[in-house]
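Structural description and commentary
What follows is each chain in one-letter form.
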Amino acid sequence: METRTDLVWLCVLSAVLCSCSAFYLPGLAPVSFCKGEKGGDDCQTDIQLFVNRLDSVESVLPYEYDVFDFCQDVVERRPSENLGQVLFGERIETSPYKFKFDEKVECMAVCTKSYIKGDKVGAEKLDFLKRGMQLNYQHHWIVDNMPVTWCYDVEDGQKYCNPGFPIGCYVTPQGRAKDACVINITYHSGESEGWRGARLVAATLEPRSIKHVDENKPMCDGGVPMEVAGEMDGDLKITYTYSVRFEENNAIKWASRWDYILVSMPHTNIQWFSIMNSLVIVLFLSGMVAMIMLRTLHKDIARYNQVDQEDAQEESGWKQVHGDVFRPPRKGMLLSVFLGQGTQIFIMTFITLFLACLGFLSPANRGALMTCAVVLWVLLGTPAGYVSSRLYKTFGGEKWKTNVLLTALLCPGIIFADFFLMNLILWVEGSSAAIPFGTLVAILALWFGISVPLTFLGAYFGFKKPAIEQPVRTNQIPRQIPEQSFFTKPIPGIVMGGILPFGCIFIQLFFILNSIWSHQMYYMFGFLFLVFIILLITCSEATVLLCYFHLCAEDYHWWWRSFLTSGFTAVYLFIYAIHYFFSKLQIIGAASTFLYFGYTTIMVLIFFLFTGTIGFFSSFWFVNKIYSVVKVD
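Residues numbered from 1 in each chain as written. Predicted model: local features only at pLDDT ≥ 70, side-chain atom pairs only at ≥ 80, totals over all residues. Heavy atoms only, no water.

A few words now on helix α11 (residues 490-497). For α11, the set of buried residues is Pro492, Gly493, Ile494 and Gly497. Where α11 is buried, its residues contact α12 (499-517), α13 (525-552) and α14 (559-567). (Buried < 20%, exposed > 50% of the residue type's maximum accessible area, 1.4 Å probe, protein only. Helix = DSSP H or I, 4+ residues; strand = E, 2+ residues; numbered from the N terminus. Contact = heavy atoms within 4.5 Å.)

Turning our eyes to something else, we now look at helix α2 (residues 120-134). Three or four residues apart is the spacing at which side chains of an α-helix point the same way, because the helix has 3.6 residues per turn. Over its 15 residues, α2 runs 21 Å from end to end, which matches the ideal 21 Å to within 8%, given 1.5 Å per residue. Turning to α2, its buried residues are Gly122, Leu126, Leu129, Lys130, Gly132 and Met133. Down the axis of α2, the sector holding all buried residues measures 155°, keeping them to one side. Sitting at the amino-terminal end of α2 is Asp119, which places a side-chain oxygen 3.4 Å from the backbone nitrogen of Val121. Two residues or fewer after α2 comes Asn136, characterised by a positive phi angle close to 60°. (Expected span 1.5 Å × (residues − 1). Arc of directions from axis to C-beta. Polar contact = N/O pair within 3.5 Å; in protein donor to acceptor, adjacent residues only side chain to side chain.)

Tracing the chain through its elements places Ile142 in strand β9 (residues 141-143). Its relative accessible area of 6% is what places Ile142 among the buried residues. In sequence terms Ile142 and Gly164 are 22 residues apart; their C-alpha atoms lie 9.9 Å from each other.

With respect to the helices and strands, the residue His550 is situated in helix α13. If near-sequence neighbours (up to four positions away) are discounted, His550 is found in contact with Phe487, Thr488, Lys489, Gly493, Asp555 and Arg561.

This paragraph deals with the sheet that holds strand β3 (residues 46-51). Strand order in the open sheet formed by 4 strands is β6-β3-β9-β10, and the pairing between neighbours is antiparallel. The open sheet terminates on both sides in strands that have one partner only, identified here as β6 (93-100) and β10 (146-147). Note that β3 and β6 share 5 bridges and pair antiparallel. Counterpart to Asp46 in the pairing with β6 is Lys100. (Pairing = 2+ DSSP bridges.)

With the rule as written, the count across this model stands at 11 salt bridges. For Asp324, the salt bridge identified is with Arg327, shortest N-O distance 2.6 Å. A relative accessible area of 2% means that Asp324 is categorised as buried. For Arg327, a relative accessible area of 18% puts it in the buried group. Within the structure, one salt-bridge network assembled from shared partners comprises Glu64, Arg78 and Glu93. (Salt bridge = Lys/Arg side-chain N within 4 Å of Asp/Glu carboxyl O.)

Now for the side chain of Asn52. The residue Asn52 is located in the loop between β3 and β4 (54-56) in this model. Taking the relative accessible area as the measure of exposure, Asn52 reaches 6% and is therefore buried. Polar contacts involving the side chain of Asn52 include one to the main-chain amide nitrogen of Arg91, which spans 3.0 Å. Among all residues touching Asn52, those that are not within four sequence positions of it are Tyr65, Glu90, Arg91, Ile92, His140 and Ile142.

For residues other than glycine, phi is negative in most cases, and the peptide bonds are mostly trans. The residue Asp102 is not glycine, and still its phi comes out positive at about 60°. When you line up the elements, Asp102 lands in the loop between β6 and β7 (105-115). Exposure remark for Asp102: the relative accessible area of 29% places this residue in the partly exposed category. A positive phi is found at Asp144, a non-glycine position, where the angle reads about 50°. Residue placement: Asp144 occurs in the loop between β9 and β10. The class for Asp144 is buried, based on a relative accessible area of 16%.

Written as structure tokens, this is what we have:
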């Protein structure tokens, strides 16, 4: 009869430490370390290892280190966390693994955890630990703001350095390992250069599973693996030990100490393929737009402006709807609110990506990306209020109070309600990703104390301005729209409009989803900014093309259609997220599934407003431009 076993891999911390002198990322200063009596105020001797939350690719629920029954620090200290870290569920705290610089440690016992048969509390702790191994939960340790990495060989002789390592290895009753259990050692090193002390440039780790016979005299050489039976059949003791060794190397500079992790992620070739794929789409669209602008439109305008107006009036085309093309749209209030929020998101995204390209929001600066995005969104309430109110006034709206309130509260309120519901689930599950009540109050304070007043301020200036002047007058009686072909009907045009923009981003989207749900490090902000620009161009050109075709078919309902055409890219994003969930992830459990689709809904809504706004303003500029150059009686 086969017995189900769980192998607990006890960890040997192989910290590879060194020093160098170089330029460092903005806001992150190097720390110098010295050996023993050489230390001082400017050179530390003690190295503190911090532990972060544990997460899994099979669950959306991260947990704090203390939730598992691991060795804990006697006096826990938590470094201050920024807003982005709290929102992403990072919970950093000190660990019991302590050592001094350049002092070798061999098989140091940290603590021994005992589980006595019949002890209900101990059994629950052990069951939770086994559940964590079964779901492949991973540690995330930090030394000198560097992730402690686990490096191992992958296909084609490549080496991958993972910023996390599993708490254990689950083995089925048939003896087949559920996840990768092969571990190889890789060490990186550095050395001081012409100044006092040394700087740490790499920290790698080799997890091992060792069954210690004597907890007072642990032996880390050889020995059988530590096994935890699926069914507890007796008392159990688990002794946690660690070893540390230091190496020196001049080759690695402090400023490039993250490179060995980033280089191990073979994404660059795929990224260039993505860029080339997007550029081909852009060139195709640009050629189509150029042909329309330079040839078709030029001929149209010349024909419409000819002396014999009677012949021109017999023609069909976009000029025939000049008296209706600027007729205010239905639900103009809602459209103006969406465009105000979309403008806010667009400016926020542009500035965030630009700062990330400059290195201010690198992975070394934990939580900076989310913090920057939230702060920018709060401070950009003024453009949202201004754009919404100005367009609402142009549409002939008079309920300015409703417009301002909806601009400030509608879309943020939907996102916050979704976020709050997700947070309740996380809180019930006891996850570290649950936002503390104080942080929720702080977010509400930022929203109602800063963003809403700024939105009111922008709306005040928007309503003070005159309505946007249209180049042609609007007729009192609406023109009848002729029968449309299948491709010029609203729904087919909207569905087709989102295909090309999505084609530009789907490869980049894969890496973004990997960084969120598979806990992979994302650092290619240069590629992302380039894809952002390509998406901007593609949304604009695709929407302008379809807008022109619809106007030529004498369908003048372009306001909402221009917003929805490019905004439909978000629907393709949602479909891709569903495909990614079923094909790439191994998430199990109702709570994790609900959380995945809840957070995906927030992403889709933000992306819908973002792309829809790009398409609308492109079409708005295009329609104003072409109708301003034709002669109208």
